[in-house]
Amino acid sequence: PFSVARLIELTESTELGRCMRAINDKQADLLRRYIDALRGTNRRVMLCDTGVFGSILRYLQVGVPAVDWHLTLLFRANYKQTSAPHFKSTVGVVSESNAYLPWEPATVALLYWQLIETMLEPAVPSVRYYREDTAGRVLSDLEVPDWQDRLEPPAESMLAGACGYLRELTPESIPLINSRGQVA
């Protein structure tokens, strides 16, 4: 069975563990540098995610504590029923319920959130590692030639519709979102 204590022991007492720890420490340093390059002098950072629990926020709060992290999720739900101290810094746009509640129609999406997430994610792989280029800039493995072109969703996709909707929002339309959502 996994335990943090056993993992730490292995990363300190075995050659393979020390190698794994060195790789992990290097990747953590590169990730911090990558984040710092993106955020510049901004101390507060808002992430947006199509997930529901926001584990990434918790990891970033622990790993990069100098940043004031916040997260906007489509649906915020503690479906894991575990400690969620990061929820103080999260908000769910559609719902903040932990489960489907028939008397709250928006929560039905919690039954299908993986499907919704799949339809709203761009067609790019998740980042697996970071590296330095010859100029000393930190890049992710996602940043291959023309990677940004893959962020543009197919014209008739759900993601294209969501992006179009967001582009059309105005300061005047923002207060109407909730009432329009109730009708929808």
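Note: the structure precedes this text.
Description of the structure in this document. (Residues numbered from 1 in each chain as written. Predicted model: local features only at pLDDT ≥ 70, side-chain atom pairs only at ≥ 80, totals over all residues. Heavy atoms only, no water.)

## Structural notes on the sheet that holds strand β1 (residues 44-49)
Pairing is parallel across the open sheet formed by 3 strands, whose spatial order is β1-β2-β3. Two strands in the sheet have a free side with no partner beyond their single neighbour: β1 and β3 (90-95). With strand direction ignored, the average angle separating the axes of adjacent strands in the sheet is 15 degrees. Taken together, the 6 bridges between β1 and strand β2 (residues 68-75) define a ladder with parallel strand orientation. Within the sheet, the bridge partner assigned to M46 lies in β2 and is H70. In this fold helix α3 (residues 55-63) packs onto β1, β2 and β3, with an angle of close to 175 degrees to the strand it touches most, β2. (Pairing = 2+ DSSP bridges. Helix = DSSP H or I, 4+ residues; strand = E, 2+ residues; numbered from the N terminus. Axes fitted to C-alpha atoms, helices over the stretch in contact; angles between N-to-C directions. Contact = heavy atoms within 4.5 Å.)

## A look at helix α4 (residues 113-120)
For α4, every residue scored as buried is listed here: W113, I116, E117 and L120. Here the buried residues of α4 occupy an arc of 100 degrees about the axis, which is enough to place them on one side. When the buried face of α4 is taken as reference, the exposed residues oriented beyond 90 degrees from it are L115 and T118. In this structure, the buried residues of α4 make contact with β1, β2 and α5 (158-168). (Buried < 20%, exposed > 50% of the residue type's maximum accessible area, 1.4 Å probe, protein only. Arc of directions from axis to C-beta.)

## Re the layout of surface pockets
Empty pockets left among the atoms are what a rolling probe the size of a water molecule brings to light. Roughly 350 Å³ of volume is contained in the second largest pocket. Those elements that provide at least two residues to the lining of the second largest pocket are α1 (4-13) and α2 (15-39). The element that contributes the greatest number of residues to the lining of the second largest pocket is α2, accounting for 6 residues. Considered class by class, the residues forming the lining of the second largest pocket number 4 nonpolar, 2 polar and 3 charged. (1 Å grid on protein atoms, 1.4 Å probe; cavity = no way out; pocket = protein on both sides within 12 Å on 5 of 7 lines; lining within 4 Å. Points joined across faces, edges and corners; volume = space filled by probe spheres on them. Nonpolar A, V, L, I, M, F, W, Y, C, P; charged D, E, K, R; others polar.)

## What to know about the state of the cysteines
Evaluation of the coordinates by the stated rule reveals 0 disulfides. Not engaged in a disulfide, the cysteine C48 finds its nearest cysteine sulfur in C163; these two sulfurs lie 12 Å apart. (Disulfide = S-S within 2.5 Å.)

## Some thoughts on the packing of aromatic side chains
Within the structure shown, the criterion is met by 4 aromatic pairs. With a centroid separation of 5.1 Å and 50 degrees between ring planes, the pair formed by Y34 and Y130 is classed as tilted. Of the two residues, Y34 sits in helix α2 while Y130 sits in strand β4 (residues 130-132), which places them 96 residues apart along the sequence. With a relative accessible area of 19%, Y34 lands in the buried category. (Phe/Tyr/Trp six-rings, centres within 6.5 Å; stacked < 30°, edge-to-face > 60°.)

## A closer look at α5
Where α5 is concerned, the buried positions are L159, A160 and G164. Seen end-on, α5 carries its buried residues on one side only, within an arc spanning 135 degrees. Residues of α5 that are buried sit in contact with α4.

## A closer look at the environment of L74
The topology assignment puts L74 in strand β2. Note: C-alpha distance between L74 and S126 (52 residues apart in sequence) is 19 Å. Those residues in contact with L74 that sit more than four places away from it in its chain are D49, T50, G51, G92, V93, V94, S95, I116 and L120.

## Points about a nonpolar patch on the surface
There is a patch of nonpolar side chains on the surface, built from Y100, V108, L111, Y112, L115, M119 and M158 and spanning about 650 Å² of accessible area. Assignment of secondary structure puts M158 in helix α5. By relative accessible area, which is 44% here, M158 ends up partly exposed. (Patch = residues over 30% accessible without salt bridge, like charges linked within 9 Å, V, L, I, M, F, W, Y side chains within 5 Å. Areas by Shrake-Rupley, 256 points an atom, 1.4 Å probe, with all protein chains shown as cover. Salt bridge = Lys/Arg side-chain N within 4 Å of Asp/Glu carboxyl O.)

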